[in-house]
Amino acid sequence: MGLTLLFLLQFLGLVFSSPPRCDPRVRGHCRPIVVEDKTPKCADVLLSYCDDMPYTQTMFPNLLGHKTRRDAESGAEYLLMSVVESLLGGECNPDIRMLGCSVVAPRCESGKVLKPCRSTCEDARKRCGHAFDQIRMAWPYFLDCDRFFVSDEEGCYNPLEGLRGDQPEILNGSLEMALSEDPSTRMQFSYQSNTQMINVLKRTEERCPNIAKTYSIGQSTEGRELLVIEFSNNPGQHELLEPEMKYVANMHGNEVLGRQLLIYLAQYLCSEYLQGNERIQALVNSTRIHILPSMNPDGYEAAVAEQQDSRYSDDEGDRRPENWNIGRNNAQNIDLNRNFPDLTSIVYKRRRNKRYPSDHIPIPDFYWFGKVAPETYAVMKWIRSLPFVLSASFHSGDLVVSYPYDLSKHPLEHNMLSPTPDDKIFKFISKIYTTSHERMSNENAQCGSSRAHSKKGTINGAEWASFAGGMQDFNYLHTNCFEVTVSLGCDKFPPEEELFNTWHENAEALIAFIEAAHRGIKGIVTDEEGNAVKGARISVRGIRHDVTTAENGDYWRLLTPGIHIVAAYAPGFSRTVKKVHLPPNMHTAGRVDFILLKSGAGAVTPDEYDSLPSMGSYDRFDPYNQYERSSSRADSTRTHEERLEKPWWWSYFTMPGGPPPTWLLKQQ
């Protein structure tokens with residue numbers, strides 16, 4: 001038994017203590033134990049979107065904690081860097097991508113990571129932050145200037161160094177470059193995305209801060225800003241007796257020429273003012289000019305996408321007629337030029353009763369219970385908030401200027417001349433644009449359906465094509481503003497090669513039409529003590545359409561040359577009448593002030609028009625808050641996360657099985 005146990009122990013000892021079988025003649029049979037060195041080391045930059053960085057070595061883990069190149073390439077950060085040029089419409093390229101590379105693939109020297117400079121990051125955010133705002137995207141977290149970038153004292157480097165070494169630096173306030181260049185050379189005669197358009201307007205404001213100011217009047221259905229740029233010697237404020245006029249374009253998203261022209265006009269006004277153009281300086285110093293290049297930015301994006309699809313289509317049959325109007329309507333499929341309150345029908349129904357006016361007609365309450373587009377709502381509030389005198393809306397599909405009314409006065413006649421009480425002045429200002437245009441007044445250049453009725457490039461809207469709910473009728477019947485519609489050509493989306501000629505064909509007309517805001521008369525209405533009378537009516541004999549005084553008692557009344565009998569009156573004051581003579585060659589408004597006497601003989605009772613209950617009150621704007629309620633109801637049907645996911649680019653960054661990159665969403 002003892003011998004047996006001893007033999008067993010010896011055997012087990014041989015088994016467990018004997019060295020592993022190893023035959024060096026058998027490949028792979030013996031493998032040496034290798035201790036892996038896990039110390040991070042510099043390695044070649046192999047990320048394709050970072051191969052143009054001013055260094056060739058990087059290190060993982062990177063500043064974001066990505067352990068390997070594969071981790072970095074699969075992250076939403078790198079995906080954003082790869083598409084940021086397209087997202088921002090080419091703006092801030094390649095700055096944002098290269099800044100991202102300095103964090104995702106940081107510079108490595110002598111086994112150490114070098115961090116980029118905070119000052120470089122802060123400068124980029126200052127220049128490019130609004131580009132992200134316009135697409136409702138938050139500034140990327142990995143470009144947090146305090147978190148991933150360091151100061152000069154800490155030994156940083158500039159990842160953008162040498163990027164613009166060959167380009168001249170333009171310092172703020174310096175006019176050297178402005179004076180040495182032709183303004184037209186800075187215009188890009190190519191179609192620009194909404195982001196690019198916003199950037200051009202912002203840069204124009206920065207270049208001409210003393211005369212230019214941008215402001216938003218609201219947002220489109222998909223959240224894009226409806227940005228206006230104004231020009232004045234005192235931007236942001238209404239000045240006494242200074243007329244205000246506006247230009248609006250791209251109401252139909254697929255009609256793009258007007259949008260480009262107004263972008264160029266903003267650049268032109270700024271450049272020419274800086275270069276000392278006396279005509280432009282006088283115009284800006286005496287007029288407050290408001291420019292809204294795109295009223296329908298959502299439709300524009302849809303139209304651009306359709307154009308790109310058509311270009312890349314090999315099959316001509318794919319270009320179906322039903323695609324031609326893609327982008328015309330807004331994102332809710334609403335035609336914005338049919339979405340305004342139909343006040344023209346109200347005028348027609350009451351035209352036989354002289355007690356009813358054809359001006360400052362209240363918006364019917366029932367209008368608010370229909371579908372009101374956010375773009376329409378924003379523009380209506382804008383029109384009501386400022387004392388506009390003159391306006392033009394730009395379209396395409398024809399070469400003509402049309403004027404109110406747009407709705408035929410006969411319900412069964414769609415091509416019937418339907419003039420306003422101010423038909424003479426509308427023809428007069430329409431002619432100013434057409435005769436200043438290089439081709440519009442030439443009947444041989446006419447195109448489209450207006451040719452049968454237009455007269456040297458002008459036409460009554462209803463005689464051309466009758467419709468209700470148009471913007472120019474609303475301007476005329478609800479406010480003091482006289483608006484016409486300028487159709488710039490039959491091709492709604494012409495090739496970019498035509499933009500240069502189109503600008504030069506319209507440049508003089510655009511300036512001359514602004515100058516038309518100074519035709520007629522202007523003045524101030526006060527009481528005996530010199531106090532301004534707000535809301536006083538200015539009437540012209542023979543024209544059944546009054547204008548009213550603004551907050552400070554000033555007014556503007558467009559009139560044709562000739563002799564006019566003008567009266568001013570207000571509730572509780574006597575009517576004052578004056579005879580006015582406007583010479584044919586008078587291009588500035590005549591000054592006609594009125595002093596109204598309180599009560600006594602000839603006193604006017606409270607406005608008889610307001611005493612008609614069926615007319616309602618002019619001040620009633622969405623009285624039941626119906627627009628806000630409907631917007632809130634639509635918004636409340638979605639969860640908070642869904643509301644954050646609204647931007648059009650969101651689905652591109654969401655990956656199956658991965659966490660959603662909510663850091664991209666701009667908090668509301």
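A few points on the structure. (Residues numbered from 1 in each chain as written. Predicted model: local features only at pLDDT ≥ 70, side-chain atom pairs only at ≥ 80, totals over all residues. Heavy atoms only, no water.)

1. Overview of a negative patch on the surface
And step 1. Taken together, the side chains of Asp491, Glu496, Glu497 and Glu498 make up a negatively charged region of the molecular surface.
And step 2. In this fold, Glu497 is placed in the loop between β12 (482–489) and α16 (499–515).
And step 3. A relative accessible area of 64% means that Glu497 is categorised as exposed. (Patch = residues over 30% accessible without salt bridge, like charges linked within 9 Å, V, L, I, M, F, W, Y side chains within 5 Å. Areas by Shrake-Rupley, 256 points an atom, 1.4 Å probe, with all protein chains shown as cover. Salt bridge = Lys/Arg side-chain N within 4 Å of Asp/Glu carboxyl O. Lys, Arg positive; Asp, Glu negative; His and termini not counted. Charge placed at Lys NZ, Arg CZ, Asp CG, Glu CD. Helix = DSSP H or I, 4+ residues; strand = E, 2+ residues; numbered from the N terminus. Buried < 20%, exposed > 50% of the residue type's maximum accessible area, 1.4 Å probe, protein only.)

2. Observations regarding the sheet that holds strand β10 (residues 398–403)
And step 1. On the basis of which strands lie adjacent, the open sheet formed by eight strands has the order β5-β6-β8-β7-β9-β12-β10-β11 and mixed pairing. Looking at which strands have only one partner, the edges of the open sheet turn out to be β5 (212–219) and β11 (458–460). Across the sheet, the mean angle separating the axes of adjacent strands is 25° when strand polarity is ignored.
And step 2. Relative to strand β8 (residues 288–292), strand β7 (residues 244–249) is paired through five bridges, and the arrangement is parallel. For Glu244, the partnering residue across the bridge sits in β8 and is Arg288.
And step 3. Packed onto the sheet, helix α13 (residues 423–436) meets β9 (388–395), β10, β11 and β12 and runs at close to 35° relative to β12. (Pairing = 2+ DSSP bridges. Axes fitted to C-alpha atoms, helices over the stretch in contact; angles between N-to-C directions. Contact = heavy atoms within 4.5 Å.)

3. What about helix α12 (residues 374–385)?
And step 1. Between its first and last C-alpha atoms α12 spans 16 Å; for twelve residues at 1.5 Å apiece the expected length is 16 Å, and the two agree.
And step 2. For α12, the tally of buried residues reaches nine of twelve residues, placing the bulk of the element in the interior. (Expected span 1.5 Å × (residues − 1).)

4. Comments concerning the side chain of Thr214
And step 1. With respect to the element layout, Thr214 can be found in strand β5.
And step 2. Taking relative accessible area as the criterion, Thr214 reaches 9% and is therefore assigned buried.
And step 3. A polar contact is formed between the side chain of Thr214 and the side chain of Glu205, at a distance of 2.8 Å.
And step 4. Contact partners of Thr214, with chain neighbours within four places excluded, come to Leu201, Lys202, Glu205, Leu227, Val228 and Ile229. (Polar contact = N/O pair within 3.5 Å; in protein donor to acceptor, adjacent residues only side chain to side chain.)

5. A closer look at the sheet that holds strand β15 (residues 543–548)
And step 1. Read across the sheet, four strands follow the order β15-β14-β17-β18 without closing on themselves; strand pairing throughout is antiparallel. Both edges of this open sheet fall to β15 and β18 (576–582), since each of them pairs with a single strand only. Here the average twist between neighbouring strands, direction ignored, is 25°.
And step 2. As judged from the three bridges shared by strand β14 (residues 537–540) and β15, these two strands associate in the antiparallel manner. Bridge pairing in β15 places Arg537 opposite Thr548.

6. Observations regarding the packing of aromatic side chains
And step 1. Enumeration over the complete set of coordinates arrives at 30 aromatic pairs.
And step 2. Ring geometry for Tyr55 versus Tyr157: centroids 5.9 Å apart, planes at 90°, classification edge-to-face. One end of the pair, Tyr55, is in the loop between β1 (43–44) and β2 (57–58); the other, Tyr157, is in the loop between α5 (118–134) and α6 (176–180), and 102 residues separate them in sequence. Grouping residues by exposure puts Tyr55 and Tyr157 together as buried. (Phe/Tyr/Trp six-rings, centres within 6.5 Å; stacked < 30°, edge-to-face > 60°.)

7. Notes on the packing of helix α9 (residues 278–286) against α16
And step 1. Direction vectors running N to C along α9 and α16 enclose 40°, while the axes themselves pass 11 Å from each other. By the angle class used here, α9 and α16 are oblique. Along this stretch, α9 crosses α16, giving a crossing that reads as left-handed. Two secondary-structure elements touch here, α9 through Arg279, Ile280 and Leu283 and α16 through Glu508, Ile511, Ala512, Ile514 and Glu515.
And step 2. Along the lines of polarity and charge, the residues of the contact of α9 with α16 split into five nonpolar, no polar and three charged. (Parallel < 35°, antiparallel > 145°, perpendicular 65-115°, else oblique. Left-handed = near helix turned anticlockwise from the far one by under 90°. Nonpolar A, V, L, I, M, F, W, Y, C, P; charged D, E, K, R; others polar.)

8. Some words on the environment of Arg537
And step 1. On the secondary structure map, Arg537 appears in strand β14.
And step 2. Judged by its relative accessible area of 7%, Arg537 is buried.
And step 3. At 2.7 Å, the side chain of Arg537 and the side chain of Asp359 are in polar contact.
And step 4. At 3.5 Å, the side chain of Arg537 and the side chain of Asp546 are in polar contact.

9. Things to note about the state of the cysteines
And step 1. Per the stated rule, a full pass over the model turns up six disulfides.
And step 2. What pairs with Cys117 in a disulfide is Cys156, and their sulfur atoms sit 2.0 Å apart. Disulfide Cys117-Cys156: the torsion about the S-S bond is 85°, which places it as right-handed. Taken together, the positions of Cys117 in the loop between β4 (112–114) and α5 and Cys156 in the loop between α5 and α6 put the pair 39 residues apart, joining distant regions of the chain.
And step 3. With relative accessibility at 19%, the residue Cys156 sits in the buried group.
And step 4. Sulfur-sulfur distance for the disulfide between Cys121 and Cys145 comes to 2.1 Å. What sets the handedness of the Cys121 and Cys145 disulfide is the S-S torsion sign, and at about -75° it is left-handed. Residue Cys121 is found in helix α5, and its partner Cys145 is found in the loop between α5 and α6; the two are separated by 24 residues along the sequence. (Disulfide = S-S within 2.5 Å.)

10. Examining the environment of Arg351
And step 1. Considering the arrangement of structural elements, one finds Arg351 in the loop between α11 (344–349) and α12.
And step 2. Note on Arg351: relative accessible area 39%, which makes it partly exposed.
And step 3. Filtering out sequence-adjacent residues up to four positions away, Arg351 remains in contact with Lys409 and Arg544.

11. Side note on the pairing of β14
And step 1. Every second residue of β14 is oriented toward a common face, with Arg537 and Ser539 on one face and Ile538 and Val540 on the other, all of them buried.
And step 2. A loop of two residues connects β14 with β15, the two strands running antiparallel in sequence, and Gly542 in this loop sits at a positive phi of about 90°.
And step 3. Of the strand pairs in this sheet, β14 and strand β17 (residues 562–569) are connected by four bridges, and their pairing is antiparallel. Residue Arg537 lies in a different strand from β17, and its bridge partner there is Tyr569.

12. Focus: the nonpolar core
And step 1. By size, the foremost hydrophobic cluster in this structure holds 105 residues, and its most contacted members are Phe231, Tyr247, Leu265, Trp382, Phe394 and Tyr433.
And step 2. Top element by residues in this core is helix α8 (residues 257–274). It accounts for eleven residues.
And step 3. Not counting the four nearest positions on each side in its chain, Trp382 is found in contact with Tyr215, Ile217, Val228, Lys246, Val248, His290, Leu292 and Phe388. (Core = buried A, V, L, I, M, F, W, Y, C linked by side-chain atoms within 4.5 Å.)

13. A word on the packing of α8 against α9
And step 1. Contact geometry of α8 with α9 gives a least axis separation of 8 Å together with a crossing angle of 115°. Taken together, the axis directions place α8 and α9 in an arrangement best described as roughly perpendicular. Pair α8 / α9 crosses with left-handed handedness. Contact with α8, carried on its side by Tyr268, Leu269, Glu272 and Tyr273, involves Ile280, Gln281, Val284 and Asn285 of α9 and no other residues of that element.

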